[in-house]
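Listed below are the residues making up each chain.
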Amino acid sequence: MDFALDEIDEEIASLARTFVGREIVPHIREWDRAESVDTAIIGRLGELGFLGLGIAEEYGGTPSSFQAYAAVMEELGRGDNSIRGIVSVSLGLVGKSIAAHGTEEQKSQWLPRLTSGEALGCFGLTEPDSGSDPGSLRTRARRDGDDWVLEGEKMFITNGTWAAVALIFARTSDEGGRGVTAFLVPTDAPGFTAQAIEGKLGLRGQATAALSLEGVRVPDSARVGDLGRGLPIALEALTKGRISVAASSVGVAQAALDVALGYATERTQFGGPIAAKQLVQELLADSAVEIDAARLLTRRAAWGVDQGTALRALTLHVSMAKLAASETAVAVTNRCLQVLGGYGFIDEFPLGKYLRDARVLTLYEGTSQIQKLIIGRELTGLNAM
């Protein structure tokens, strides 16, 4: 296994590192307080090619490996996971699904807008009563002549109030998971509404919404993939999307460690820097080891995508990376907040934000418990879900 980026991919990662330092990190406290990032940053993400990573150039994309994509997600996670979420949903879940399963008409209509940042996409899978079990979703699409009419509710939808298009998964028959179909729905369609979800613990700068579809009519040309094959499209997107979550988990953990290291070497107590105290060094050392382990698991999963590994074979490594990295993010940010003591408890330093943002990484795109069940299934051949 070779996790080294080639020259072009390394330039992309380096550009992301510089961009994060200059245009994201200086604003994270104000965005967190305001509960919204400056949406002008979306255009910048498009200009720099981050919203088109891995998409063909003919659609405005940026040729890159999946490892480069993961490296950029790590850097964005190091800056602000709210920004990373914008990219990984609009590009990773929506754009890449269109690129892989959409018609030429759908690609030409939506990909140039998504890759440029002119438009964002949102991923409409989760519902108020359907989270870890997506096959039980209740949103319905019924055929009406040449059109489909959609009725239902979606919940916890990233980019929901900002998106121009929603990739909506709806039931077209009662055949369980085999009866789900995917549709591209313009968010300005009559009957489509998005209600912002506020008061979130973390990812406060990111738009999160509840969606309502009441008699939303779309033509059959809005259908993505074959009838009844929506759930495999969703699961493919989520499997690869979990690598993005893992990478961003590594990023936020690294950011927390960087702050703790800087503080510990400057803060003096008992006649010297606290970095010279054994128990502080233990906190820092444990964090560094866990971050490196999570990073290597994440890179292995991204490398597998670049190698063309079949989705089923990739699943084990992806779930291991997502589980380890997200739990590491929570442990490390909590540990590094401890290093700062009282100063970690106020937003003069970003440790509190990092901890709050890290907590959701163990929840979405498959909880830690779901990842353990996936890993157990792949190891034993027995499904416990």
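Residues numbered from 1 in each chain as written. Predicted model: local features only at pLDDT ≥ 70, side-chain atom pairs only at ≥ 80, totals over all residues. Heavy atoms only, no water.

1. Overview of helix H11 (residues 368-380)
We apply this condition: Counting from the N terminus, the helices are the DSSP runs of H or I reaching at least four residues and the strands are the DSSP runs of E reaching at least two. In this analysis, the expected span of each helix is defined as 1.5 Å times one less than the number of residues it contains. Relative accessibility under 20% of the residue-type maximum defines a buried residue, over 50% an exposed one, and the middle range a partly exposed one, all with a 1.4 Å probe and only protein chains included. Arc, as used here, means the arc of the directions from the helix axis to the C-beta atoms. Contact definition: two residues touch when any of their heavy atoms are within 4.5 Å.
An ideal rise of 1.5 Å per residue puts 18 Å on 13 residues; H11 measures up with 18 Å between its terminal C-alpha atoms. Within the sequence span of H11, burial applies to Ser368, Ile370, Gln371, Ile374 and Ile375. Across the axial projection of H11, the buried residues extend over an arc of 160 degrees, all falling on one side. In H11, the exposed positions that point more than 90 degrees away from the buried face belong to Gln369, Lys372 and Thr380. Among the structural elements, helix H7 (230-266) and helix H9 (311-340) are those in contact with the buried residues of H11.

2. Quick look at the pairing of strand S3 (residues 147-158)
Stated precisely, the cut-off is as follows: Any two strands are treated as partners once DSSP identifies two or more bridges connecting them.
Pairing analysis gives five bridges linking strand S2 (residues 140-144) to S3, with the strands arranged antiparallel. Considered in S3, the bridge of Arg142 is made with Val149. Connecting the antiparallel pair S2 and S3 is a turn made up of two residues, with Gly145 showing a positive phi of about 65 degrees. Where S3 lies against strand S7 (residues 208-219), 10 bridges are found, and the strand directions are antiparallel. In the sheet register, Leu150 faces S7, and the bridge partner there is Val216.

3. Some remarks on unusual backbone geometry
Backbone geometry places Glu35, a non-glycine residue, at a positive phi of 60 degrees. Positionally, Glu35 belongs in the loop between helix H2 (28-34) and helix H3 (40-47). Positive phi, normally seen in glycine, also occurs at Glu365, with a value near 55 degrees. Inspection of the secondary structure assignment puts Glu365 in the loop between helix H10 (351-361) and H11.

4. A closer look at the side chain of Thr315
Note the cut-off: Polar contacts, as counted here, are pairs of nitrogen or oxygen atoms within 3.5 Å of one another; within protein the pair requires one atom able to donate a hydrogen and one able to accept it, and residues that are adjacent in sequence qualify only if both atoms are side-chain atoms.
Positionally, Thr315 belongs in helix H9. A distance of 2.9 Å separates a polar atom in the side chain of Thr315 from the backbone oxygen of Leu311. If we skip the residues at most four places from it in the chain, Thr315 touches Thr239, Ile374, Arg377 and Glu378.

5. Describing the nonpolar core
Quick note on the threshold: By nonpolar core we mean a set of buried residues, namely Ala, Val, Leu, Ile, Met, Phe, Trp, Tyr and Cys, connected to one another through side-chain atoms within 4.5 Å.
Ranked by internal contacts, the top residues of the largest apolar core, which has 89 residues, are Leu76, Ile83, Phe123 and Phe169. Considering every element that reaches this core, the biggest residue donor is H7, with 19 residues. Of all hydrophobic cores here, the second largest spans 19 residues; its members include Ala189, Phe192, Ala209 and Leu211.

6. Some thoughts on the side chain of Ser82
By secondary structure assignment, the location of Ser82 is in helix H5 (residues 81-101). By relative accessible area, which is 0% here, Ser82 ends up buried. Within the local environment of Ser82, its side chain forms a polar contact with the backbone nitrogen of Gly205, the two atoms lying 3.3 Å apart. If we ignore the near neighbours within four places in the chain, the residues touching Ser82 are Val37, Leu203, Arg204, Gly205 and Gln206.

7. A word on the packing of H9 against H10
To keep things clear, this is the line we draw: Geometry is summarised by axes, namely lines fitted to C-alpha atoms with helices restricted to the contacting stretch, and by angles between N-to-C directions that run from 0 to 180 degrees. Roughly parallel means an angle under 35 degrees; roughly antiparallel, over 145; roughly perpendicular, 65 to 115; everything else is oblique. Here a crossing is taken to be left-handed if its near helix is turned anticlockwise relative to the far helix by less than a right angle, and right-handed if that turn runs clockwise. Ten residues, namely Ala, Val, Leu, Ile, Met, Phe, Trp, Tyr, Cys and Pro, are considered nonpolar, four, namely Asp, Glu, Lys and Arg, are considered charged, and the remaining ones, Gly among them, are considered polar.
For the pair H9 and H10, interaxial distance at closest approach is 9 Å and the crossing angle is 160 degrees. Judged by the angle between their axes, H9 and H10 are roughly antiparallel. The interaxial crossing formed by H9 with H10 has left-handed handedness. Together, Lys322, Ser326, Ala329, Val330, Thr333, Asn334, Cys336, Leu337 and Leu340 of H9 and Leu351, Gly352, Tyr354, Leu355, Ala358, Arg359 and Leu361 of H10 make up the contact between the two elements. When the residues that make up the contact of H9 with H10 are grouped by side-chain class, the tally is 10 nonpolar, four polar and two charged.

8. Quick look at the environment of Asp129
Within the secondary structure, Asp129 sits in the loop between strand S1 (121-124) and S2. Distance in space between the C-alpha atoms of Asp129 and Met155 is 8.9 Å, their sequence separation being 26 residues. Those residues in contact with Asp129, other than ones at most four positions away along the chain, are Ser136 and Arg138. Only 3.5 Å separates the side chain of Asp129 from the side chain of Arg138, close enough to count as a polar contact.

9. Thoughts on the pattern of salt bridges
When charged atoms on two side chains of opposite charge get close, those side chains can pair. Short version of the rule: The rule for a salt bridge is simple: a side-chain nitrogen of Lys or Arg has to be within 4 Å of a carboxyl oxygen of Asp or Glu.
Scanning the entire structure with this criterion turns up 24 salt bridges. A salt bridge links Arg140 to Asp174; the shortest N-O distance between them is 2.2 Å. A residue pair is termed long-range when its members are at least 10 positions apart, and Arg140 in strand S2 and Asp174 in the loop between strand S4 (165-171) and strand S5 (180-186) qualify at 34 residues. Residue Asp174 is classed as exposed on the basis of its relative accessible area, which comes to 64%. Among the charged side chains, a salt-bridge network with shared partners connects Glu10, Arg17, Glu75 and Arg78.

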